[in-house]
Each structure stands twice: as C-alpha cells, then as structure tokens.
Amino acid sequence: MTNIEYPQSLTQGLSRTELLNHLQNRLDDARFQHCLRVETTARQLAQRFDADVDRAGLAGLLHDYAKQIPVEEYRRVIVENGFDPALLQYNRGVWHGIVGTWFIKTETGIMDHEVLQAIERHTTGDPEMTVLDQIIFVADFIEPARTLDAEVQARKAAETNLELASFIEMKNTLQYLIGSELTVYPKTLLTYNAFLKKTQAARA
Ligand SMILES: [Fe+2]
Ligand SMILES: [Fe+2]
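Residues numbered from 1 in each chain as written. Chains lettered and ligands numbered in written order. Predicted model: local features only at pLDDT ≥ 70, side-chain atom pairs only at ≥ 80, totals over all residues. Heavy atoms only, no water.

**Q** With reference to specific residues and values, describe the overall build of the protein chain.
**A** Each helix and strand counted, the protein chain has 13 helices and zero strands in total. Along the chain direction, N to C, the helices and strands of the protein chain fall in the order α-α-α-α-α-α-α-α-α-α-α-α-α. Whereas a compact globule of 204 residues would reach a radius of gyration of roughly 17 Å, the protein chain reaches 16 Å, a difference of no more than 12%. With the principal axes as the frame, the protein chain shows a C-alpha extent of 45 × 40 × 30 Å. Relative to its full complement of 204 residues, the protein chain shows a buried share of 47%. Of the accessible surface of the protein chain, which amounts to about 9900 Å², a share of 49% is contributed by carbon and sulfur atoms. (Helix = DSSP H or I, 4+ residues; strand = E, 2+ residues; numbered from the N terminus. Rg over C-alpha atoms; globule rule 2.2 N^0.38 Å. Buried < 20%, exposed > 50% of the residue type's maximum accessible area, 1.4 Å probe, protein only. Areas by Shrake-Rupley, 256 points an atom, 1.4 Å probe, with all protein chains shown as cover.)

**Q** Lay out the side chain of Ser166 in plain terms, naming residues and giving numbers.
**A** As for its position among the elements, Ser166 is in helix α11 (residues 162–179). Among the residues examined, Ser166 registers a relative accessible area of 1% and is labelled buried. Leaving out residues up to four positions away in the same chain, Ser166 has contacts with Gln134, Phe137, Val138 and Phe195. (Contact = heavy atoms within 4.5 Å.)

**Q** Explain the environment of Gln134 to me, using residue names and the numbers behind them.
**A** With respect to the helices and strands, the residue Gln134 is situated in helix α9 (residues 131–142). In this structure Gln134 comes out as buried when scored by relative accessible area, which is 4%. Not counting chain neighbours up to four residues away, the residues in contact with Gln134 comprise Met129, Leu162, Glu163, Ser166 and Phe195. At a separation of 3.3 Å, a polar atom in the side chain of Gln134 contacts the main-chain carbonyl oxygen of Met129. (Polar contact = N/O pair within 3.5 Å; in protein donor to acceptor, adjacent residues only side chain to side chain.)

**Q** Give me the lowdown on the UniProt feature "domain: HD" (unreviewed entry) in the protein chain, citing residues and values where you can.
**A** Sequence positions flagged by UniProt for "domain: HD" (unreviewed entry) are, in local numbering, residues 31–145. The span residues 31–145 is 64% helix and 0% strand, and its two end C-alpha atoms sit 12 Å from each other. (UniProt positions renumbered as here; feature names shortened; annotations may be inferred.)

**Q** A description of the coordination of the iron ion (ligand 2) should follow, citing residues and the corresponding values.
**A** Each protein donor to the iron ion (ligand 2) is listed here as His34 (NE2), His63 (NE2), Asp64 (OD) and Asp140 (OD); together their distances run 2.2 Å. Around the iron ion (ligand 2) sit four donor atoms; with metal-centred angles ranging over 81 to 175°, the donor geometry is irregular. When the donors of the iron ion (ligand 2) are listed by position in the chain, the intervening gaps give H-x28-H-D-x75-D. Metal-to-metal, the separation of the iron ion (ligand 2) and the iron ion (ligand 1) is 3.5 Å; Asp64 coordinates the two. (Donors = N, O, S within 2.8 Å, 3.2 Å for Na, K, Ca; no water. Tetrahedral: all angles 85-135°; square planar, octahedral: opposite > 155°, others 65-115°.)

**Q** So what's going on with the coordination of the iron ion (ligand 1)? Which residues, and what values?
**A** Surrounding the iron ion (ligand 1) are the protein donor atoms Asp64 (OD), His96 (NE2) and His122 (NE2), at 2.1 Å. For the iron ion (ligand 1), the donor residues sit on a single chain with the sequence spacing D-x31-H-x25-H.

**Q** Give a description of the environment of Gln89 that names residues and reports values.
**A** Within the secondary structure layout, Gln89 lies in the loop between α5 (71–80) and α6 (92–98). Along the primary structure Gln89 and Tyr185 are separated by 96 residues, whereas in three dimensions their C-alpha atoms are 9.6 Å apart.

**Q** Please provide a residue-by-residue account of the nonpolar core, values included.
**A** Leu23, Leu58, Leu87, Val99, Phe103, Ile135 and Val138 are the most contacted members of the largest nonpolar core, which totals 59 residues. Top contributing element to this core by residue count: α9, with eight residues. Ignoring any residue separated from it by four or fewer positions in sequence, one finds Val138 in contact with Leu45, Ala158, Leu162, Ala165, Ser166 and Glu169. (Core = buried A, V, L, I, M, F, W, Y, C linked by side-chain atoms within 4.5 Å.)

**Q** If you had to explain the side chain of His96 to someone new, which residues and values would you point to?
**A** The residue His96 is located in helix α6 in this model. Note on His96: relative accessible area 3%, which makes it buried. Side chain to side chain, His96 and Asp64 meet in a polar contact 3.0 Å long. Polar side-chain contacts of His96 include one of 3.0 Å to the side chain of His122. Those residues within four positions of His96 in sequence are excluded, and the remaining contacts are His63, Asp64, Ala66, Lys67, Tyr74, His122 and Thr123.

**Q** Quick rundown of the packing of α5 against helix α7 (residues 100–108)? Include the residues and the values.
**A** Two elements in contact, α5 and α7, have axes whose closest approach is 10 Å; the angle formed by their N-to-C orientations is 85°. For the element pair α5 / α7, the angle class is roughly perpendicular. Together, Glu73, Tyr74 and Val77 of α5 and Gly100, Trp102 and Phe103 of α7 make up the contact between the two elements. A breakdown of the residues in the contact of α5 with α7 according to their chemical character gives four nonpolar, one polar and one charged. (Axes fitted to C-alpha atoms, helices over the stretch in contact; angles between N-to-C directions. Parallel < 35°, antiparallel > 145°, perpendicular 65-115°, else oblique. Nonpolar A, V, L, I, M, F, W, Y, C, P; charged D, E, K, R; others polar.)

In structure tokens:
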C-alpha cells in the first residue's frame, strides 16, 4: 500500500511520506509497523462499512502517534493546556488517545475533526462512537498481527457487524483492566454499557 496519498485538505498539505517521517520520529519500529497495519485494516473496514476511506486510513496511520511520548511530557501538557486534571490519575494507555491528538495537531498541523475524534476515542471508546470511530477502534484490535481469541472473534464479527466487533473488544479491554487491577476510565465503562445494549439482538 505504498502508493497511498491523502487529500491535502486532510493533511494540511503534508504528503504521506512526510507523515511517515513524523511517525518515525515518535515511534520505535515495532509500533510504526503496527500503525501501517492499522492504516491498511482501517481502509478495508471503511470500504466494507461505507465510511470515508481516506479519513479512516489517516486516522489508522496516526492513531498511536503519541503512544511513546514520555510520561513527564504528558503531565506537563495536561497541566498547561486545560485538560481535565483527573487525567493525571491515569497513564499513557488513556492519554495517547485523549491527549495524543494535542501532539498530532501541534506537530503535524492536522485539524480534521473526524480524524482527530476517531484517534481521541480509540483507547477509551465513547458511548456515541461514530462508524469512523468504531473503524479505528476495531482496526487497532484486529490488524493482521493480532491473534488472541478475542481478536480473532472480533475480526470475524467485523466481517458483517462493526458494533458487535466493538463490543467484543470493549469486553476484552474491561476484563483485562479488571484482571490486572488497573483503574477503569469511567467512559470505558459507559461505552461497554452502550454497546452491550446496541448489540443485544446480534448476541441473542
Ligand atoms: Fe493506541
Ligand atoms: Fe494501536
């Protein structure tokens, strides 16, 4: 998929090569390769579910842009830029979505609301996730290198039912957080409840 190019209106004029350089400045190679796989998977899901393929690809490519930014840098940005101070109780797992878009905006200039929202919601979820939001949420979980049972199950569900795939992922995330005695971000629990309801018929 090296021949992908994104509309300049979405990238503030940056070429995909320039975007890849930005990503490589912030990520190690393993995480960078994951981003490329999520980009491909997100584009496929967008075709399948009639969403904007370029927005999906761009959000997939950049979704983990801020995953490896140092904790101290995050703490400073949260304090200095008007983020909810309650975020300080969490970790990069939560921050790289909600606060991660601050780094993307600042360092790449990308401003597209739908792209940024999908990135913002990819770790915690959101009860009101749009189709594009769900595409990034799910693509992250089912990209080809993912092989755990829940990931395989979500990949199968995503052949026809994006909400069911999102639910399977959300359930798995909560089980992991609780199993590891980690703090659950409240919106993650609200997202689980919302998708439990949305997928009731599909699970019956
Ligand atoms: Fe992530
Ligand atoms: Fe990811």
